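# Summary of structural features
Now for the letters of each chain:
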Amino acid sequence: MAFLLYPRDHLQEALKRRAPEWLGNPRLVQVVGELLDLLFFASLSTEEGSATRVQVVVSPGKPLQDVMDSSEDLGSNVPPRRAWSVLPLKPQRLDLEALVKLSVVTEPGRTAVVLEHEESSGWQAVGIARLDTSTNGGNVLFLSTTAPGALSLVYAGTEIMRYERGQLAKPAPDIFISDGVVRSTIRQSLGGLLSGETNPILMPSRIGEHVFEKLVRGMRATGRGGLILVQPTPSLDSQQDIPKLVLTEPDILAAKSRNLFEASERGLGVAFRDDELGHNDEWDEAMSLREWAQSEVDSLSDDIARLTAMDGALLLGPNLRVFGAGYKVRSSDTLPLHEAFDATGQSVSPDEYPLEIHGTRHRAAASFVASTGGFAFVASEDRPIKCLVKEQGRILFWRVRFPEI
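Residues numbered from 1 in each chain as written. Predicted model: local features only at pLDDT ≥ 70, side-chain atom pairs only at ≥ 80, totals over all residues. Heavy atoms only, no water.

### Re helix α8 (residues 360–372)
Applied cut-off: We count a stretch as a helix when DSSP gives it H or I for four or more residues in a row; a strand needs E for two or more, and each element gets its number in order from the N terminus. What a helix is expected to span follows from its residue count: subtract one and scale by 1.5 Å. Burial classes follow relative accessibility: with a 1.4 Å probe on protein chains only, a residue under 20% of its type's maximum area counts as buried, one over 50% as exposed, and anything between as partly exposed.
Taking 1.5 Å of rise per residue, 13 residues should cover 18 Å, and α8 covers 18 Å from first to last C-alpha, within 8% of that figure. Buried residues of α8: His-362, Ala-364, Ala-365, Ala-366, Ser-367, Phe-368, Val-369 and Ala-370, and no others. Gly-373 sits one or two residues past α8 and shows a positive phi near 75 degrees.

### Section: unusual backbone geometry
A positive phi angle is found at Leu-320, which is not glycine, with a value near 65 degrees. As for its position among the elements, Leu-320 is in the loop between β13 (313–316) and β14 (322–327). Since its relative accessible area comes to 1%, Leu-320 is described here as buried. Phi is positive for Gln-392, close to 50 degrees, though the residue is something other than glycine. One can find Gln-392 in the loop between β17 (385–391) and β18 (394–400).

### What about the confidence of the model for the protein chain?
Put simply, the rule reads: pLDDT expresses how confident the predictor is about each individual residue, on a scale running from 0 to 100. The contact criterion used throughout is that any non-hydrogen atoms of two residues lie within 4.5 Å.
When the pLDDT values of the protein chain are averaged, the result is 87; 89% of them are 70 or greater. Taking the mean pLDDT of every element in the protein chain, the minimum, 74, falls on strand β1 (residues 46–47) and the maximum, 98, on β13. Here residues 73–77 is a poorly scored stretch, pLDDT under 50, and it has seven contacts once near neighbours within four places are set aside; other chains count.

### What to know about the pairing of strand β8 (residues 150–155)
Remember that side chains alternate between the two faces of the sheet whenever the strand is regular. Filter applied, for reference: Only when DSSP finds a minimum of two bridges between them are two strands counted as paired.
In terms of residue burial, β8 counts as a mostly covered element, since five of its six residues are buried. The pairing of strand β7 (residues 141–147) with β8 spans six bridges and is antiparallel. Across the sheet, the residue bridging to Leu-143 is Leu-153, located in β8. With antiparallel pairing between neighbouring strands as the criterion, β7 and β8 make up a hairpin whose turn holds two residues, including Gly-149 at a positive phi of roughly 80 degrees. Pairing of β8 with strand β9 (residues 158–164) involves five bridges; the strand directions are antiparallel. Paired with Leu-151 across the two strands is Tyr-163, which belongs to β9. Here β8 hands over to β9 after two residues, with Ala-156 in that stretch at a positive phi of 50 degrees.

Written as structure tokens, this is what we have:
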């Protein structure tokens, strides 16, 4: 007879794979395991008729409000950004009922319940925190439930463990972070947006990858499924339908992204300048402009992503050109479809993936990629997002999983 293994029963195996140094602290493993099981049972509960989604954050060694982004390396003259803003609460002991009640005040991927652990009193809720989504959250533990009985454990923006259906889920590469086929494809699509820029810190791909990640996250957030298609040509040809909803400024996202690059470049120029005269004032102004430019890109990306909720696809071109939404794919071209298991596309299933188990969105995505050589992101309401890229006479696809942070 098979027995259900709870998340804590899989924790040591997950740590061996992704964070073996944690195993040297048995007490840490024990208390994290207890917290994983608490989230598991909370995810099986409902609050006002809705499934419980829980996000909690733990900052080892320092107050959460002092945690800085650990993803950027802009040099010693450029201070990192604060990753979290915290609304402190009077500490309350955390049990299943309290966790379910607190779940309604969190927003997936943005806000979380702040937890602390005391040997005498166990886990306590001490605040509500909001993530600065332009950061990776810093060196904190972030635990979240993604569906009933499913949860993930993230540290410093890296997924350590994902538990689904009573077992460890196969880790999926972060295709927006890891060097590989998808990052290379995004870079190629941005070839003209920032041509001539060679700054090794602020390469065009970093801004482009951030924009695509925001678009894909926004598509998922609609809860309706969706399709994002990116073609390699800057204009529609005579064989293509016009999208139902057309933007009057198709290059608006490109312009906002360019503003962000220029604001970031200006900040670096101030940071690495030798003279000190007026440095602080100029630095403050430069950082304010960068934050404003970042918020403009993020807000616009979110708004554009909402268009994926329409029937049809959101159609983009090279250099972040947005043709419009409600686009219909007329091509019926096909190529063999194979799942890739690492970012480089070196680990690929030898078996062709049965596309017929999916609906029209997946078939449209595959036909578009086969006929245009572009790439696509497709989301069903109840399945992982997929990214499709044409590669050597076949189509590779990656399951896109985001650390919920």
